[in-house]
Amino acid sequence: ITLSGAEASAKCYLQAIHAGQGAYQGQTLTVWGEYRDQLEKRPEGWRIVHRELDVFQVSGDIGGTALAADTPAP
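Summary of the structure given here. (Residues numbered from 1 in each chain as written. Predicted model: local features only at pLDDT ≥ 70, side-chain atom pairs only at ≥ 80, totals over all residues. Heavy atoms only, no water.)

## A closer look at the sheet that holds strand 3 (residues 28–42)
Under the convention used in this document: If DSSP finds at least two bridges between two strands, the strands pair. Numbering goes from the N terminus for both helices and strands, where a helix is a DSSP run of H or I of at least four residues and a strand is a run of E of at least two. All axes here are fitted lines through C-alpha atoms, helices being fitted over the stretch that makes contact, and every angle between N-to-C directions spans 0 to 180 degrees.
Reading across from one edge, 1-2-3-4 is the order of the four strands in this open sheet, with antiparallel pairing throughout. Strands at the two margins of the open sheet, each flanked by one partner only, are strand 1 (2–4) and strand 4 (45–60). Strand-to-strand twist across the sheet, computed as the mean angle between neighbouring axes with direction ignored, equals 25 degrees. Both strand 3 and strand 4 contribute to a ladder of 14 bridges, which runs antiparallel. Across the sheet, R42 pairs through a bridge with G45, a residue of strand 4.

Below, the structure is given as structure tokens:
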């Protein structure tokens, strides 16, 4: 986290596991990446005002190919 007055930027790694439903029952999609957030301090507290997702890797059988194709390599 980098703080500058009432603004901040933050990064965090993620692993998101998605479980299929309906026709995709029993299938999964796992995404590994990093969120890059811009935050502002407001009267109600800190709020994310912008978020970017940098996808590092996609594995699974629920539409991961399209996600991986749209994401530039690091």
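## Description of the environment of W32
Within the secondary structure, W32 sits in strand 3. Each C-alpha atom of the pair W32 and V58 lies 6.5 Å from the other, and the pair is 26 residues apart in sequence.

## Remarks on the pattern of salt bridges
The test is simple: The term salt bridge refers to a side-chain nitrogen of Lys or Arg lying within 4 Å of a carboxyl oxygen of Asp or Glu. Think of it in three bands: with a 1.4 Å probe and only protein chains considered, a residue is buried below 20% of the maximum accessible area for its type, exposed above 50%, and partly exposed in between.
In total, this model carries four salt bridges according to the counting rule given. Ionic pairing is found between R36 and E34, a salt bridge with its closest N-O pair at 2.8 Å. In this structure R36 comes out as partly exposed when scored by relative accessible area, which is 34%. Residues joined by salt bridges that share partners form a network here, namely E34, R36 and D54.

## Structural notes on the packing of aromatic side chains
We apply this condition: We call Phe, Tyr and Trp rings a pair once their centres come within 6.5 Å, taking the six-membered ring for Trp, and we label the pair stacked below 30 degrees between planes, edge-to-face above 60, and tilted otherwise. Here, a charge over a ring means that NZ of Lys or CZ of Arg falls within 6 Å of the ring centre while also lying within 35 degrees of the ring normal.
On inspection of all chains with the given rule, the structure shows one aromatic pair. When the ring centre of Y35 is taken as reference, the NZ or CZ atom of R51 above it lies at 3.9 Å.

## Focus: the environment of H50
The line we're drawing: Should any heavy atoms of two residues lie within 4.5 Å, those residues are counted as being in contact. Here a polar contact is taken to be a pair of N or O atoms separated by no more than 3.5 Å, where protein atoms must pair a possible hydrogen donor with a possible acceptor and residues adjacent in sequence count only if both atoms sit in side chains.
Position of H50 relative to the elements: it lies in strand 4. Through-space distance from the C-alpha of H50 to that of Q38 is 5.1 Å; in sequence the pair is 12 residues apart. With residues up to four places along the chain from it excluded, the contact list for H50 reads R36, D37 and Q38. For H50, the side chain forms a polar contact with the side chain of E52, separated by 3.3 Å.

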